[in-house]
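What follows is the residue order along each chain.
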Amino acid sequence: MKAMLYNEVGGPEVFQYTDVPDPEPGAGDVIVDVAATSLNRLDLVQRNGWFQMPGFTLPHIAGMDVAGTVSAVGAGVTAVAIGDRVVVDPSLAGVADNSKLAGLGDLYGDLGVIGATVDGGYAEKCLAPASHVYAIPDEMSFEHAATFPTAYLTAAHALFDVGELQAGETVMIHAAGSGVSTAGIQLAKQAGATVLATAGTDEKCERALALGADHVANNRTADVAGFAREVTQGAGVNMVFDHVGTALFGPSLFGLGVRGRLVNCGNSSGDEATIPSLGYMFHSGIRILGSDPYRPEEFGPVWDKFCSADFEVAIDSEFALADAAEAQDKMMQSDFFGKIILRP
């Protein structure tokens, strides 16, 4: 099969579009012929060598979000059949012992992730545990399905499992043009929350409004904490959902009201952050919560919700697999809104 891989870390020049052996399923596995995979920032972070997840090895085939058609099944697989259209849960927590990908399920240690620590969707075929594939409705496109796994599970886990967002609350969501935030805006709105969104351009702010955000602000030019206070008549928001990290940490903290929750699931602007006022934090009962990996049992219910509700999928652009370097460069420049798709 053809795959886009790299044998060393570095710039786009390390990519190789080449032939590699087809994956073979274990007894509890399936092979998915990849129809679409979507990019995530971790793809280019690991390729550049800025950070690698525990268990990352070279050569590496990225691509955590995979949708396609099952073309082979292992001897022990009964619930999935050849020809099934499926989306893949990339987390390898909860994998059965008869899978080739078993033993990588430590949520707080060496958690295996398809496309992050084992071969993923930047290829024509992808190995996955049979327990970790979910049927795509006939009316849903592969591209639509490929926007789901990382973005929606990250957002749903952070907002509801960790942050305990409730109907009637206010939440401020940063980086509104990213895949995880476009998911978060829609999930929060569906749950009955008032959504404040921030983004780095006025155009992205306008598109966030179209997705359902109630109020928007350009986080490069506006007073983000002041924006949160103004919208809430001085009270501050109940929650901030943040994966930007360093750049917006202080404004996020000061934008929170009494007993507000700052829920963080990323560090795209840096890995260090300063608490600007311990006094404000403890006097106001502010909680800073890290959003840990989602659990296997969370994927199915969120996927069912995605399939049954009217979520708008924000697909910015599509690229051929051989053009993965160009696609990642687009992501590097933040020149996108929503998800970027690769198609083998």
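Predicted model, so just to flag it, every value in this text is computed and none were measured.

**Quick word on the overall build of the protein chain**
Part 1 of the argument: Check the secondary structure of the protein chain and you find ten helices and 15 strands.
Part 2 of the argument: The globule rule puts the C-alpha radius of gyration for 344 residues at 20 Å, and the 20 Å found for the protein chain is close to it.
Part 3 of the argument: Taken along its principal axes, the extent of the C-alpha atoms in the protein chain is 60 × 40 × 35 Å.
Part 4 of the argument: Considering the protein chain as a whole, with its 344 residues, one finds that 54% of them fall into the buried category.
Part 5 of the argument: Sequence separation of 24 or more characterises 69% of the internal contacts of the protein chain that already satisfy a separation of 6 or more.
Part 6 of the argument: Accessible surface computed for the protein chain: about 13,800 Å², of which carbon and sulfur atoms make up 50%.
Part 7 of the argument: Taking the average location of the 19 positive side-chain charges in the protein chain and that of its 43 negative ones, the two points are 5 Å from each other.

**Let's talk about the sheet that holds strand S11 (residues 237-242)**
Part 1 of the argument: Here six strands make up an open sheet; going across it, the order is S10-S9-S8-S11-S12-S13 and the pairing parallel. The open sheet has two free edges, formed respectively by strand S10 (215-218) and strand S13 (287-290), since each of these has just one partner strand. Between one strand and the next, the sheet's axes are offset by a mean angle of 20°, whatever the strand orientation.
Part 2 of the argument: Those strands touched by helix H4 (residues 179-190) are strand S8 (170-173), strand S9 (194-199) and S11, and its axis lies near 170° from that of S8.
Part 3 of the argument: Its contacts with the sheet place helix H6 (residues 224-231) against S8, S9, S10, S11 and strand S12 (256-264), and it is angled at close to 160° to S9.

**Considering the side chain of Thr232**
Part 1 of the argument: If you trace the backbone, Thr232 turns up in the loop between H6 and S11.
Part 2 of the argument: With relative accessibility at 12%, the residue Thr232 sits in the buried group.
Part 3 of the argument: Separated by 2.8 Å, the side chain of Thr232 and the backbone nitrogen of Gly236 make a polar contact.
Part 4 of the argument: In this structure, Thr232 is in contact with Thr170 and Val237, ignoring residues within four places of it in sequence.

**A short note on the pairing of S9**
Part 1 of the argument: The buried count for S9 comes to five of six residues, which makes it a mostly enclosed element.
Part 2 of the argument: Across four bridges, the pairing between S8 and S9 is parallel. In the strand pairing of S9, Met172 is matched with Leu196.
Part 3 of the argument: In this view, the connection linking S8 to its parallel neighbour S9 by way of H4 has right-handed handedness.
Part 4 of the argument: Strand direction decides the pairing type here: S9 and S10, joined by four bridges, are parallel. When the bridges of S10 are listed, Thr198 appears paired with Ala217.
Part 5 of the argument: Once the chain exits S9 it traverses helix H5 (residues 202-211) before rejoining the sheet at S10, and the crossover so formed is right-handed.

Cut-offs applied
Residues numbered from 1 in each chain as written. Predicted model: local features only at pLDDT ≥ 70, side-chain atom pairs only at ≥ 80, totals over all residues. Heavy atoms only, no water. Helix = DSSP H or I, 4+ residues; strand = E, 2+ residues; numbered from the N terminus. Rg over C-alpha atoms; globule rule 2.2 N^0.38 Å. Buried < 20%, exposed > 50% of the residue type's maximum accessible area, 1.4 Å probe, protein only. Contact = heavy atoms within 4.5 Å. Areas by Shrake-Rupley, 256 points an atom, 1.4 Å probe, with all protein chains shown as cover. Lys, Arg positive; Asp, Glu negative; His and termini not counted. Charge placed at Lys NZ, Arg CZ, Asp CG, Glu CD. Pairing = 2+ DSSP bridges. Axes fitted to C-alpha atoms, helices over the stretch in contact; angles between N-to-C directions. Polar contact = N/O pair within 3.5 Å; in protein donor to acceptor, adjacent residues only side chain to side chain. Right-handed = clockwise from strand over helix to strand, strands pointing away.

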